[in-house]
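For reference, the chains in residue letters:
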Amino acid sequence: MLSCEHTLLVKTIKMIASAFKLLAFALVLHSPFLFAHDLNHKTNAIEHWLDTEFQPSSISREQQLNELTWFQEASIPYRGMVIRVVSERIDTHLYEANT
């Protein structure tokens, strides 16, 4: 049986990984090289991520769609930027990089 602390750690790691996936989604969605700026392509990208990356989920598909649409709109000021991240080599970061 897993300890409560271990279970909490696993849930925290998964939550952090999901947050990074959402950030990656928002940045990729606005990349001119990967998706056209046509609304239909962006909507298709959201649908793709909902179907492939964010299942199962504790929130409804409509809530997920609203959340991803928010990220899409929030990422507009970062369009065309190169963002680099430096992280420590800890288990959490290794997990996120490989998930």
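So, how was this worked out
- Residues numbered from 1 in each chain as written.
- Predicted model: local features only at pLDDT ≥ 70, side-chain atom pairs only at ≥ 80, totals over all residues.
- Heavy atoms only, no water.
- Helix = DSSP H or I, 4+ residues; strand = E, 2+ residues; numbered from the N terminus.
- Phe/Tyr/Trp six-rings, centres within 6.5 Å; stacked < 30°, edge-to-face > 60°.
- Patch = residues over 30% accessible without salt bridge, like charges linked within 9 Å, V, L, I, M, F, W, Y side chains within 5 Å.
- Areas by Shrake-Rupley, 256 points an atom, 1.4 Å probe, with all protein chains shown as cover.
- Salt bridge = Lys/Arg side-chain N within 4 Å of Asp/Glu carboxyl O.
- Core = buried A, V, L, I, M, F, W, Y, C linked by side-chain atoms within 4.5 Å.
- Buried < 20%, exposed > 50% of the residue type's maximum accessible area, 1.4 Å probe, protein only.
- pLDDT = per-residue confidence, 0-100.
- Expected span 1.5 Å × (residues − 1).
- Arc of directions from axis to C-beta.

1. Brief notes about unusual backbone geometry
The phi torsion of most residues other than glycine is negative, and most of the peptide bonds are trans. Put simply, Gln 55 and Pro 56 share a cis peptide bond, and its omega is -5°. Along the chain, Pro 56 falls in the loop between α2 (39-52) and α3 (61-74).

2. Quick look at the packing of aromatic side chains
For the coordinates displayed, the defined rule picks out two aromatic pairs. Taking 5.0 Å as the distance between ring centres and 85° as the angle between the ring planes, the aromatic pair formed by Trp 70 and Phe 71 counts as edge-to-face.

3. Some thoughts on a nonpolar patch on the surface
Taken together, Tyr 78, Met 81, Ile 83 and Val 85 make up a surface patch of nonpolar side chains, about 420 Å² in accessible area. Mapped onto the elements of the fold, Val 85 is located in the loop between α3 and α4 (91-97).

4. Re the nonpolar core
The biggest cluster of nonpolar side chains holds five residues, and these are Ile 46, Trp 49, Leu 50, Phe 54 and Leu 68. At three residues, the largest contribution of residues to this core is made by α2.

5. With respect to the confidence of the model for the protein
Predicted confidence across the protein gives a mean pLDDT of 76, with 68% of residues reaching 70 or more. Looking across the protein, the model is least confident in helix α1 (residues 4-29), with a mean pLDDT of 68, and most confident in α3, with 90.

6. Remarks on α3
Over its 14 residues, α3 runs 20 Å from end to end, which matches the ideal 20 Å to within 8%, given 1.5 Å per residue. Turning to α3, its buried residues are Gln 64, Leu 68 and Gln 72. On an axial view of α3, the arc spanned by its buried residues comes to 80°, and they lie on one face. Exposed side chains of α3 directed beyond 90 degrees from the buried face belong to Glu 62, Trp 70 and Glu 73.

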